[in-house]
Amino acid sequence: MSSSVREAPPRSELHRLLGHPIDLAGHVATHGPLAVAMGEHTSWQGALAASLEASGLAGRGGGGFPSSIKLAAASAYRHGGTLVVNGMEGEPASDKDKVVLTRAPHLVLDGAQFLAALCRAREVVVCIPTGRNGVAAAVQQAISERAVARYARVSETIVRPPDRFVAGEESALASWVDGRDGLPVFRPDKSVPLRIGKRPALVHNAETLAHIALIARHGPEPFLARGLAEERGTCLVTVSGAVAQPGVVEVDRGTPLWDIALRGTPTEPAQALLVGGYGGNWVGPQHFATPYASVSLRTIGASAGVGVVAVLGQSTCGVAETARIARYLAGQSAGQCGPCVLGLPAIADDLARLARGQADGGLMARLQRRLIEVDGRGACRHPDGAVSLVRSALDVFAGDVGAHLRGEPCAHWRHLSSLPFPRPITLT
Amino acid sequence: MTLHITIDPVACDAYGYCAELLPEAIVLDEWGYPIVDGRPLPAELVALATRAVRDCPRRAITVTRKTRAS
Amino acid sequence: MNSTMFWYITRATGIVTLVLLTATMVLGLTTTSRARARNWPGFAQQELHRRFSMMAMVFLAIHVLTSILDTYVHIGWAAIVVPFTSPYSRFWVGLGTVAVDLMAAVFISSLLRSRIRPSVWRGIHWLAYGCWPLALAHTFGVGTDAGQAWVIALGVACIVSVLVALSWRLRSTARRAATLSAANTEPNPATRLLVTSSAKGSLREQ
């Protein structure tokens, strides 16, 4: 059963998250033991920090924040804190964190161990929402293997927060692990660390941690060898929508958007791509060649977000789909901030009216005003994402919007939607 | 160094006293929640802002200092 | 000053404190938002609420002081803060003492408001609701003037105004809660035009 004579993969494959052995023995044979990679003296910490900065790795959880900066802030913590692995993935259209936790749990956990050592955390807590028992079982299996082999440096445990869209927001997650209400916290000064108990907490997305594990072990070169000059490395993207093979793919940063969509085999011509998740942006066909990298996406007003590329086929109505997403996002508000609690449903109502071709004369002005007013006025970015999505819809589907305003309901809107939701969303 | 109004959106419960005291700096949206534009607070409004901070039943409004660097 | 003077001052300041406390309660209960008229200065009402409470404390302090300095009946300094220790009218004076303690707690917590957690401050402030019925009971339990028609009328007026303000407040809170929860409910998957999602082939599970 021992696989000690397994060949290590070629250097060109060392950036890949998926495709390596899942079991602990195979993992160690492929990447080497944790202890050796960590080294016995403190200079490896500086080397790791330098590697992360050289790699330019940015968070894969939606914020896209440079990991080296987040890490530098964390290293200033006094010891004894908690490292939280964010496996919540509240985005219905995203599966990448589930995949990386199921098929590369040791990479995620190793990444957590590296960071924990760097910021002197004394425990690793993996957050997997209730309802995802398959993922939890896979991670628990990995943790048990590591416990038996005395492989991990600090303790690793799994906790099961409730499955809500905002539960994965980092301050909300820290709040839940801390036994508080699990809702986002107003943080005007993000340099003040999150707290669990009296100690600091560092929250990182599961995929980001997997990348960190590889960079820590093999240096930044394999990561830097992929991608574009503008943004290096690889990432996981969930391809869904009007495609024959929805699922998670591993792509180089900088891959053109349409090439990513092609990996899912679209079933019909696309009128738009949804990039970044339900809090992301619609992208029109004229931008399908845009590289999937932060700066390029920003020039078209989009961002990689939580790693979603969804295809909207021509037989579906973009306005109706946006209305459904808006309705879903409104229902997922944490319920703490007036502009979000009251503004998002109002926006969703107007979009539903627009989709049904029942717009009144003041609808567009009202919608635009509310989009401006709601944006940025919550404690977290939830309303901002919804606003960004709706604004991009009004732009990309301008033709359909015009038709709907004239009272012509889109001929296609009764078609089955191709976008996933946890529960069916009506347009009434 | 400038003074700025900060509203804690979680604490705020749309009482609206801040907008009554500082109509030059705070406007209420259609649901009664304050909109702040982020501009520095002029000196003549500081006394009123202090009153608003004290009067807010939820302690949702504060006046913070920002240095040019932040 | 003789005992009679103290006695008169005690009675007068007692009545005034009750009225000021009632006014404080009414102003405090009706400070909820939005439901007021557009031109009503809510901040001014809030500040009035605070000033009335401070005036009530001033009159209360005088009332307590003169009641102890009045040697005709023995109350004792301890009874200012320790309830039910007064030899004279132990129970009714004791109620007044509890009210004093609660008011002191509210006052101190308000001074320290920026240093204590908001929930703690609000909890103590809620206790203050107890001040008013205690003061009312104390007035009619101890009060020398409790039998007089005008005092009874005053008491009834205080009760009525607080009850009206309280019912207004309860309705206003219920309305606000309804608005917020109505906005936040996820829609029923029941009705017509149900557009479902196709999750075929997705790696999503359970």
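Residues numbered from 1 in each chain as written. Chains lettered and ligands numbered in written order. Predicted model: local features only at pLDDT ≥ 70, side-chain atom pairs only at ≥ 80, totals over all residues.

Draft legend 1. Seen up close, the overall build of chain A. If you tally the helices and strands in chain A, you get 17 helices and 11 strands. Relative to the globule expectation of 22 Å for 428 residues, the C-alpha radius of gyration of chain A, 22 Å, shows essentially globular dimensions. On the principal axes, the C-alpha backbone points of chain A span a range of 70 × 45 × 35 Å. Scored against the burial criterion, the 428 residues of chain A give a buried share of 57%. (Helix = DSSP H or I, 4+ residues; strand = E, 2+ residues; numbered from the N terminus. Rg over C-alpha atoms; globule rule 2.2 N^0.38 Å. Buried ≥ 20, exposed ≤ 12 C-beta atoms within 10 Å, placed from the backbone.)

Draft legend 2. Up close: the overall build of chain C. Looking only at helices and strands, one finds six helices and one strand in chain C. Its helices and strands taken in sequence order, chain C reads α-α-α-α-α-α-β from the N to the C terminus. Buried residues in chain C amount to 25% of all 206 residues. Looking at chain C alone, contacts between residues at least 24 apart form 62% of all its contacts between residues at least 6 apart. (Contact = placed C-beta atoms within 7 Å.)

Draft legend 3. Looking closely at the domain arrangement of chain A. All names here are of chain A. Taken domain by domain, chain A holds domain 1 (11-224), domain 2 (234-313) and domain 3 (318-405). Each of domain 1 and domain 2 has a C-alpha centre, and these two points are 25 Å apart. Contacts between domain 1 and domain 2 engage 18 residues on the former and 18 residues on the latter. Per element, the largest residue contribution to the side of domain 1 that touches domain 2 is three residues, and it comes from helix H5 (residues 96-103). Of the residues assigned to the side of domain 1 that touches domain 2, the class counts are seven nonpolar, five polar and six charged. (Domains from an automatic or database assignment. Nonpolar A, V, L, I, M, F, W, Y, C, P; charged D, E, K, R; others polar.)

Draft legend 4. Structural detail: the interface of chain A and chain B. Counting from both sides, the interface comprises 11 residues of chain A and, opposite them, 10 residues of chain B. By residue class, the composition of the side of chain A that touches chain B is six nonpolar, three polar and two charged.

Draft legend 5. Geometry of the confidence of the model for chain C. All names here are of chain C. Considering every residue of chain C, the mean pLDDT works out to 81; 85% of them sit at 70 or more. Low confidence marks residues 186-206, where pLDDT is under 50. Its contacts with residues over four positions away, or in another chain, come to 49 contacts. Predicted as a complex, the structure gets a pTM of 0.87 and an ipTM equal to 0.92. (pLDDT = per-residue confidence, 0-100.)

Draft legend 6. Local environment of the packing of helix H13 (residues 318-331) of chain A against helix H14 (residues 338-355) of chain A. All names here are of chain A. Running from N to C, H13 and H14 cross one another at 160°; their axes reach a closest spacing of 8 Å. As judged from the angle between their axes, H13 and H14 are roughly antiparallel. Seen along the crossing, H13 lies across H14 with a hand that is left-handed. Taken together, the residues of H14 that come into contact with H13 (itself represented by Val319, Ala320, Thr322, Ala323, Ala326, Arg327, Leu329 and Ala330) are Leu344, Pro345, Ile347, Ala348, Leu351, Ala352, Leu354 and Ala355. (Axes fitted to C-alpha atoms, helices over the stretch in contact; angles between N-to-C directions. Parallel < 35°, antiparallel > 145°, perpendicular 65-115°, else oblique. Left-handed = near helix turned anticlockwise from the far one by under 90°.)

Draft legend 7. Here's a closer look at the sheet that holds strand E4 (residues 194-196) of chain A. Residues and elements named next belong to chain A. Pairing within the open sheet is mixed, and its five strands lie in the order E3-E2-E1-E5-E4. The open sheet has two free edges, formed respectively by strand E3 (155-159) and E4, since each of these has just one partner strand. Direction aside, the axes of adjacent strands within the sheet are offset by 35° on average. Sheet topology note: the E4/strand E5 (residues 199-205) ladder contains three bridges and is antiparallel. Bridge pairing in E5 links Arg195 to Pro200. (Pairing = 2+ DSSP bridges.)

Draft legend 8. Structural detail: the sheet that holds strand E9 (residues 281-283) of chain A. Residue and element names in this part refer to chain A. Within the open sheet, the five strands sit side by side as E7-E6-E10-E8-E9. Their pairing is mixed. The two strands at the open ends of the sheet, each matched to only one other strand, are strand E7 (247-252) and E9. Strand-to-strand, the axes of this sheet are offset by a mean angle of 30°, without reference to chain direction. Where strand E8 (residues 270-275) lies against strand E10 (residues 308-313), five bridges are found, and the strand directions are antiparallel.

Draft legend 9. Highlighting the nonpolar core. Val84, Val108, Leu115, Leu273 and Ala326 of chain A are the most contacted members of the largest nonpolar core, which totals 132 residues. At 10 residues, H14 of chain A tops the list of elements feeding residues into this core. Excluding residues that lie within four positions of it along the chain, Val108 of chain A makes contacts with Val85, Val100, Leu101, Ala206, Leu209 and Ala210 of chain A. By size, the runner-up hydrophobic cluster in this structure holds 26 residues, among which are Val93, Trp132, Leu134 and Val162 of chain C. (Core = buried A, V, L, I, M, F, W, Y, C linked by C-beta atoms within 7 Å.)

Draft legend 10. Region of the structure containing unusual backbone geometry. For Arg150 of chain A, which is not a glycine, the phi torsion comes out positive at approximately 50°. If you trace the backbone, Arg150 of chain A turns up in the loop between helix H7 (133-148) and E3.

Draft legend 11. Region of the structure containing helix H16 (residues 382-396) of chain A. Residues and elements named next belong to chain A. Along its 15 residues, H16 runs 21 Å from first to last C-alpha, staying within 8% of the 21 Å computed at 1.5 Å per residue. Most of H16 sits out of view: 12 of its 15 residues are buried. His382, Pro383, Gly385, Ala386, Val387, Ser388, Leu389, Val390, Ser392, Ala393, Leu394 and Val396 are the residues of H16 that are buried. Those residues of H16 that are buried are in contact with E8, E9, H13, H14, helix H15 (363-374) and helix H17 (398-405). (Expected span 1.5 Å × (residues − 1).)

Draft legend 12. How the structure looks around the environment of Glu250 of chain A. All names here are of chain A. Inspection of the secondary structure puts Glu250 in strand E7. Residues Glu250 and Ile260 lie 10 residues apart in sequence; the distance between their C-alpha atoms is 9.3 Å. Discounting chain neighbours no more than four positions away, the residues touching Glu250 are Arg16, Leu17, Leu18, Thr234 and Leu236.

Draft legend 13. Seen up close, the environment of Arg120 of chain A. Assignment of secondary structure puts Arg120 of chain A in the loop between helix H6 (105-118) and strand E2 (123-127). For the pair Arg120 of chain A and Ala355 of chain A, spaced 235 residues apart in sequence, the C-alpha separation works out to 53 Å.

Draft legend 14. How the structure looks around H14 of chain A. Residues and elements named next belong to chain A. With 18 residues, H14 should reach 26 Å at 1.5 Å per residue; the first-to-last C-alpha distance of 25 Å fits that figure. Along H14, 15 of the 18 residues are buried, which leaves the element largely enclosed by surrounding structure. The first or second residue beyond H14 is Gly357, which carries a positive phi of 75°.

Draft legend 15. Main features of the packing of H5 of chain A against helix H9 (residues 206-218) of chain A. Residue and element names in this part refer to chain A. Interaxial distance between H5 and H9 falls to 8 Å at its minimum, and their mutual angle equals 45°. One element, H5, and the other, H9, form an angle in the oblique class. For the pair formed by H5 and H9, the contact residues are Lys96, Asp97, Val100 and Leu101 on the first element and Ala206, Glu207 and Ala210 on the second. Partitioned by chemical class, the residues of the contact of H5 with H9 number four nonpolar, no polar and three charged.

Draft legend 16. Main features of the confidence of the model for chain A. Overall, the prediction assigns chain A a mean pLDDT of 88, with 92% of residues at 70 or greater. Ignoring residues within four places in sequence, the model shows residues 1-5 of chain A, a span with pLDDT below 50, making five contacts including any to other chains.

Draft legend 17. View of the environment of Ala178 of chain C. Here Ala178 of chain C shows up in helix H6 (residues 149-184). With 21 residues separating them along the chain, Ala178 of chain C and Ala157 of chain C place their C-alpha atoms 32 Å apart.

Draft legend 18. Quick look at the pairing of strand E6 (residues 234-241) of chain A. Residue and element names in this part refer to chain A. Where burial is concerned, most of E6 is hidden: eight out of the eight residues are buried. Side-chain alternation along E6 places Thr234, Leu236, Thr238 and Ser240 on one buried face and Cys235, Val237, Val239 and Gly241 on a second face that is also buried. As paired elements, E6 and E7 share six bridges and run antiparallel to each other. Paired with Thr238 across the two strands is Val248, which belongs to E7.

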